[in-house]
There are 2 protein chains.
Amino acid sequence: MSVKRPKGTQDFLPAGSPGFSPEFGASNLNFLTATAQQVLERAGAKLIFTPVFEEAELVKRGVGDSTDIVRKEQFTVSHHGDHGGYILRPEGTASLMRAYMENGLKQLPLPLKLWTHGPMFRAERHQKGRYRQFHQLDYEIIGSDAALVDAEAIALMWNVIEALGLKHARIKLGSIGDAADRERYNAYLRERFTPLYDQLSPDSQDRLTRNPMRILDSKAPVDQELIADMNIQPMLDFLGEEAAAHFAEVQRTLHAWGIPFDIDPTIVRGLDYYRRTAWELHHEGVGAKSALGGGGRYDGLAQALGAKDPIPGIGWALGVERLLIAMQDEGLTFPAPPRPALFLAALDADQLAVTAELALGLRHLAQVEFAYRPLKMKQIFSEAERRNAVWVGFLGSDEAASQTVSLKNLDTGEQRVVAQAALADVL
Amino acid sequence: MSVKRPKGTQDFLPAGSPGFSPEFGASNLNFLTATAQQVLERAGAKLIFTPVFEEAELVKRGVGDSTDIVRKEQFTVSHHGDHGGYILRPEGTASLMRAYMENGLKQLPLPLKLWTHGPMFRAERHQKGRYRQFHQLDYEIIGSDAALVDAEAIALMWNVIEALGLKHARIKLGSIGDAADRERYNAYLRERFTPLYDQLSPDSQDRLTRNPMRILDSKAPVDQELIADMNIQPMLDFLGEEAAAHFAEVQRTLHAWGIPFDIDPTIVRGLDYYRRTAWELHHEGVGAKSALGGGGRYDGLAQALGAKDPIPGIGWALGVERLLIAMQDEGLTFPAPPRPALFLAALDADQLAVTAELALGLRHLAQVEFAYRPLKMKQIFSEAERRNAVWVGFLGSDEAASQTVSLKNLDTGEQRVVAQAALADVL
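Reading the values: the criteria
Residues numbered from 1 in each chain as written. Chains lettered and ligands numbered in written order. Predicted model: local features only at pLDDT ≥ 70, side-chain atom pairs only at ≥ 80, totals over all residues. Heavy atoms only, no water. Pairing = 2+ DSSP bridges. Helix = DSSP H or I, 4+ residues; strand = E, 2+ residues; numbered from the N terminus. Contact = heavy atoms within 4.5 Å. Axes fitted to C-alpha atoms, helices over the stretch in contact; angles between N-to-C directions. Phe/Tyr/Trp six-rings, centres within 6.5 Å; stacked < 30°, edge-to-face > 60°. Buried < 20%, exposed > 50% of the residue type's maximum accessible area, 1.4 Å probe, protein only. Least-squares fit on C-alpha atoms with pLDDT ≥ 70 in both. Buried area = accessible area lost by both parts, 1.4 Å probe. Salt bridge = Lys/Arg side-chain N within 4 Å of Asp/Glu carboxyl O. Polar contact = N/O pair within 3.5 Å; in protein donor to acceptor, adjacent residues only side chain to side chain. Nonpolar A, V, L, I, M, F, W, Y, C, P; charged D, E, K, R; others polar. Core = buried A, V, L, I, M, F, W, Y, C linked by side-chain atoms within 4.5 Å. Arc of directions from axis to C-beta.

## Section: the sheet that holds strand β5 (residues 112-121) of chain A
Residue and element names in this part refer to chain A.
Right, on to step 1. Strands sit in the order β1-β5-β6-β11-β10-β9-β7-β8 across an open sheet of 8 strands; the sheet is mixed. Every interior strand has two partners, whereas the edge strands, β1 (46-47) and β8 (262-263), have only one.
Right, on to step 2. Bridge analysis of β1 against β5 gives 2 bridges, and the strand direction is parallel. For Leu47, the partnering residue across the bridge sits in β5 and is Trp115.
Right, on to step 3. Here helix α9 (residues 241-257) sits on the sheet in contact with β7 (169-175), β8, β9 (275-283) and β10 (293-297), set at roughly 155° to β7.

Pasting the structure below:
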């Protein structure tokens, strides 16, 4: 029996593979990364990579131990010589803040813009756009609580979306206020939900004690039906003066820059360290329940991870597979894979060494492939066509004797015989 | 207490970070990948990515359950809802062959050249050049057993080394023959080592039954001392006629192409599926015991993974951190990080919105950074210098009134006042 890849994971394949799907195209993943790199490096963001697994404690503190991600979707990593408390990272923000703290990155000019990309892991049930290993583009700016920083972070996410050519993405923007605002909102929610305790899902009964705001995020149908009928006031109504002024400035700046967004007063974040600005990016192509990405300010995260003093930060993540699904939904095309400028083949074994040497000598100029065994004329042309080569070239005993190559351009039909030494000029 | 990264792992940081080491430079890792991409895509190799974890069974079959990698260095991955039989991949070849088989890639033109890059995992003891998460560049060509394919694979590895500018790497080339040749060699080794059974390390006593060739690879000092005194005949002396002819053709071709190599008659591979050509790439900068990379032919791998018929293949891997160490050892430099063309700042809060808007409007042309709060003149220059900006620009009330920006070129000292609308022309 052949071994298969792990359940819920994907191989990212070359275009043209059997059953090829563009959201699992290896070069499409690279294209997204390169597009984000262009946008983010123009803004001064610096690339960083952190390990794909982290201490369990980091994820617990960074994502929250009452979340589904930690309670149900963790992949644990262990080695028999160790304590075994590692987790495949479910997201990038906690890792980047850890790296910022651990490596003394505050010595770089602040605020520091970081970006990364790579695999993330959640043991979710398999469905379209949700995979157990998925890929994210991640941007974080650490070291400033200015509203201008929030607006720029949102603008940069939008610039990536624009650079990809996506037209139908929508930003849903909200604010979850400061810690005191959230306490007031949680008190309000406790007041509203406590009388209905028996009607809540078991998870949300638990949330009512630990973190009532997370009830609003519940995916359980009983909770969603209950909440729909309750006319709950949104978080935005509970913003204090400073958080409201910050939120107004973010909106004003985005308007000035022409970045479109809708206010979503219902956006919540379940973790204590989130502050103020929070947003999601939606697209009809990936369905209403999934976002292309999202972001938020997390001024309390560093302290949750063990820092003595607060370190303000804000950032976002975009889902690579979902961006690729959205691009397909909008009929956008992906860069074509590079095609060989020349496919070279020998008619007899005697010319094999020459074709190989010619091919290798041309590769500093162009993509050149060659046949590893002598081929018949018909095979040479069919192999060149299968590879989508621009030129096909072949050597028989005549060409070998005259040190030439017979060429045909498969796009134009043009045929030529050229000196082997002059092949480079043709390409 | 702050959470730290897992033992034996590294963060890949921006250049200029405190204690920055080029082998853990994020942009250096990208530079190596881009260099390999250029070389390999010119040869027609197609990019592929496979998940970072695989079924334990794949690693057991693909790497061998008598190897240290499987016996001592595995990171297991589990999720409480699953059987938990996953492993963080220790190398890439088994995954790429699995992907080839599982996705029907034999329908693409053969032989198929694949390349990938990414993290690999081995719970080794921490030492220079050995990390628990390390990174590899990987090339495989599947579907041909021609000696020309072997020579080209070696040449492509060499081309990557040349493209990086490395001058002191050495290829050590050998052949481990065909299955029957290895049986004869193992019989010889059994004959030689059995009388000395008591002097072998416990691991090698075990290997004597299971796979005597692996004794020659032993890192245990008792084994190494014993072997040094035994005058063991090398594997190369046991090559059958076909394997010897294949090896001769590989050497002849490499000579013709001007690829330098040394014959190493002692190269062995412990796994049954390896065949014929095997090589290592050494460099004094990473020490005699570590290789920059290595490769080999693995015509029996597909069947070990469950294929009905044999699928020939050959490939190599290069260690990214070790390449970066070797480059430093040779005094090679890495591409400088991109520097801002302009750092813009406002002297008063009133001009903040204008500086931000000007900066954003210029980013389609160049890297432009701006200050998120008003700064004093001295701060503006020091912040621009810390960022290594080419131009520093500032706006006070005068500039705001006249819709200009005051500029100074930090490289040349040139000072100018330009219309805000003409800023793009300066960059």
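## Some points on the packing of aromatic side chains
Right, on to step 1. Per the stated rule, a full pass over the model turns up 24 aromatic pairs over all chains.
Right, on to step 2. On the basis of an interplanar angle of 50° and a centroid distance of 4.7 Å, the ring pair of Phe370 of chain A and Tyr372 of chain A is categorised as tilted.
Right, on to step 3. On the basis of relative accessibility, which here comes to 3%, the residue Phe370 of chain A falls in the buried class.
Right, on to step 4. Pairwise contacts between aromatic rings join Phe53 and Tyr86 of chain A together with Phe75 and Phe121 of chain B into one cluster.

## Notes on the relation of the copies chain B and chain A
Right, on to step 1. When chain B is brought onto chain A, the operation consists of a screw motion whose angular component is 180° and whose axial shift is 0.0 Å, with 0.1 Å RMSD remaining. Taken together, the rotation and translation relating the two chain copies correspond to the operation of a two-fold axis. Measuring from the rotation axis to each C-alpha of chain B, the shortest distance belongs to Val77 of chain B, at 2.3 Å.
Right, on to step 2. Take the interface residues of chain B: 99% of them recur as interface residues in chain A, which is what a same-surface contact looks like.

## Brief notes about the pairing of strand β14 (residues 391-395) of chain B
All names here are of chain B.
Right, on to step 1. The buried count for β14 comes to 5 of 5 residues, which makes it a mostly enclosed element.
Right, on to step 2. Residues Trp391, Gly393 and Leu395 point to one face of β14 and Val392 and Phe394 to the other, with burial holding for every one of them.
Right, on to step 3. Alignment of strand β12 (residues 342-346) against β14, held across 5 bridges, turns out to be parallel. By the bridge assignment for β14, Leu344 is matched with Gly393.
Right, on to step 4. Alignment of β14 against strand β15 (residues 404-409), held across 4 bridges, turns out to be antiparallel. Across the sheet, the residue bridging to Phe394 is Ser406, located in β15.

## Brief notes about the pairing of β5 of chain A
Residues and elements named next belong to chain A.
Right, on to step 1. Counting buried residues in β5 gives 9 out of 10 residues, a clear majority hidden from the surface.
Right, on to step 2. The pairing of β5 with strand β6 (residues 133-142) spans 10 bridges and is antiparallel. Bridge pairing in β6 links Lys113 to Ile141.

## Here we look at the interface of chain B and chain A
Right, on to step 1. Listed by partner, the interface residues are 102 residues for chain B and 101 residues for chain A.
Right, on to step 2. When residues of chain B are sorted by the area they lose upon contact with chain A, Val3, Arg42 and Tyr372 of chain B head the list and together hold 10% of the total.
Right, on to step 3. In this structure, the connection of chain B to chain A is made through 8 salt bridges.
Right, on to step 4. The residue Asp145 of chain B makes a salt bridge to Arg373 of chain A at a minimum N-O spacing of 2.6 Å.
Right, on to step 5. Viewed at the interface, chain A and chain B are joined by 38 residue pairs in polar contact (both at pLDDT 80 or more).
Right, on to step 6. By residue number, the principal contributor to the side of chain B that touches chain A is helix α1 (residues 26-42) of chain B, which donates 7 residues.
Right, on to step 7. The residue inventory of the side of chain B that touches chain A, partitioned by class, reads 52 nonpolar, 22 polar and 28 charged.
Right, on to step 8. As defined by bridge partners, strand β3 (residues 76-78) of chain A adjoins strand β3 (residues 76-78) of chain B across 3 bridges and the pair is classed as antiparallel.

## So, the pattern of salt bridges
If the charged atoms of two oppositely charged side chains come close together, the side chains can form a pair.
All names here are of chain B.
Right, on to step 1. As enumerated under the stated definition, the model contains 42 salt bridges over all chains in all.
Right, on to step 2. Its salt-bridge partner being Asp206, residue Arg210 comes within 3.7 Å of it at the nearest N-O pair. Taken as a pair, Arg210 and Asp206 lie in helix α7 (residues 202-210) at a separation of 4 residues, close to a single helical turn.
Right, on to step 3. When its relative accessible area of 45% is taken as the criterion, Arg210 is described as partly exposed.

## Observations regarding the side chain of Ser175 of chain A
Residue and element names in this part refer to chain A.
Right, on to step 1. Note on placement: Ser175 falls in strand β7.
Right, on to step 2. Of note is the side chain of Ser175, whose polar atom sits 3.2 Å from the backbone nitrogen of Gly177.
Right, on to step 3. Beyond its immediate stretch of four places on either side in the chain, Ser175 contacts Met235, Leu236, Leu239, Phe247, Arg276, Thr277 and Ala278.

## Quick look at the nonpolar core
One recurring pattern in soluble globular proteins is that nonpolar side chains are buried together.
Right, on to step 1. Of all hydrophobic cores here, the largest spans 232 residues; its most connected members are Phe193, Leu292, Trp316 and Leu318 of chain A together with Phe193 and Trp316 of chain B.
Right, on to step 2. If sequence neighbours within four positions are ignored, Trp316 of chain B has contacts with Leu40, Leu137, Asp138, Tyr139, Glu140, Ala153, Leu156, Met157, Val160, Trp279, Gly294 and Gly295 of chain B.
Right, on to step 3. Core analysis: the next-biggest nonpolar cluster, separate from the first, contains 16 residues, Val52, Val77 and Leu88 of chain A together with Val77 of chain B among them.

## Some remarks on the sheet that holds strand β2 (residues 53-55) of chain A
Right, on to step 1. Spatial ordering of the open sheet is given by β2(A)-β4(A)-β3(A)-β3(B)-β4(B)-β2(B), a layout of 6 strands whose pairing is antiparallel. The open sheet has two edge strands, β2 of chain A together with β2 (53-55) of chain B, and neither has a second partner. Along the sheet, successive strands turn relative to each other by an average axial angle of 40°, direction set aside.
Right, on to step 2. Across 3 bridges, the pairing between β2 of chain A and strand β4 (residues 86-88) of chain A is antiparallel. By the bridge assignment for β4 of chain A, Phe53 of chain A is matched with Leu88 of chain A.
Right, on to step 3. On the sheet, helix α2 (residues 56-63) of chain B packs against β2 and β4 (86-88) of chain B and is oriented at approximately 85° with respect to β2 of chain B.

## Quick notes on helix α13 (residues 377-386) of chain A
Residue and element names in this part refer to chain A.
Right, on to step 1. Considered for burial, the residues of α13 that qualify are Ile380, Phe381, Glu383 and Ala384. Seen from one end, α13 has its buried residues packed into an arc of 165°, which puts them on one side. Structural note: α13 exposes Lys378 and Glu385 on the side pointing more than 90 degrees away from its buried face.
Right, on to step 2. Tucked into the core, α13 has its buried residues touching β12 (342-346), β14 (391-395) and β15 (404-409).
Right, on to step 3. Remark: Asn388 follows α13 within two positions and exhibits a positive phi of approximately 60°.

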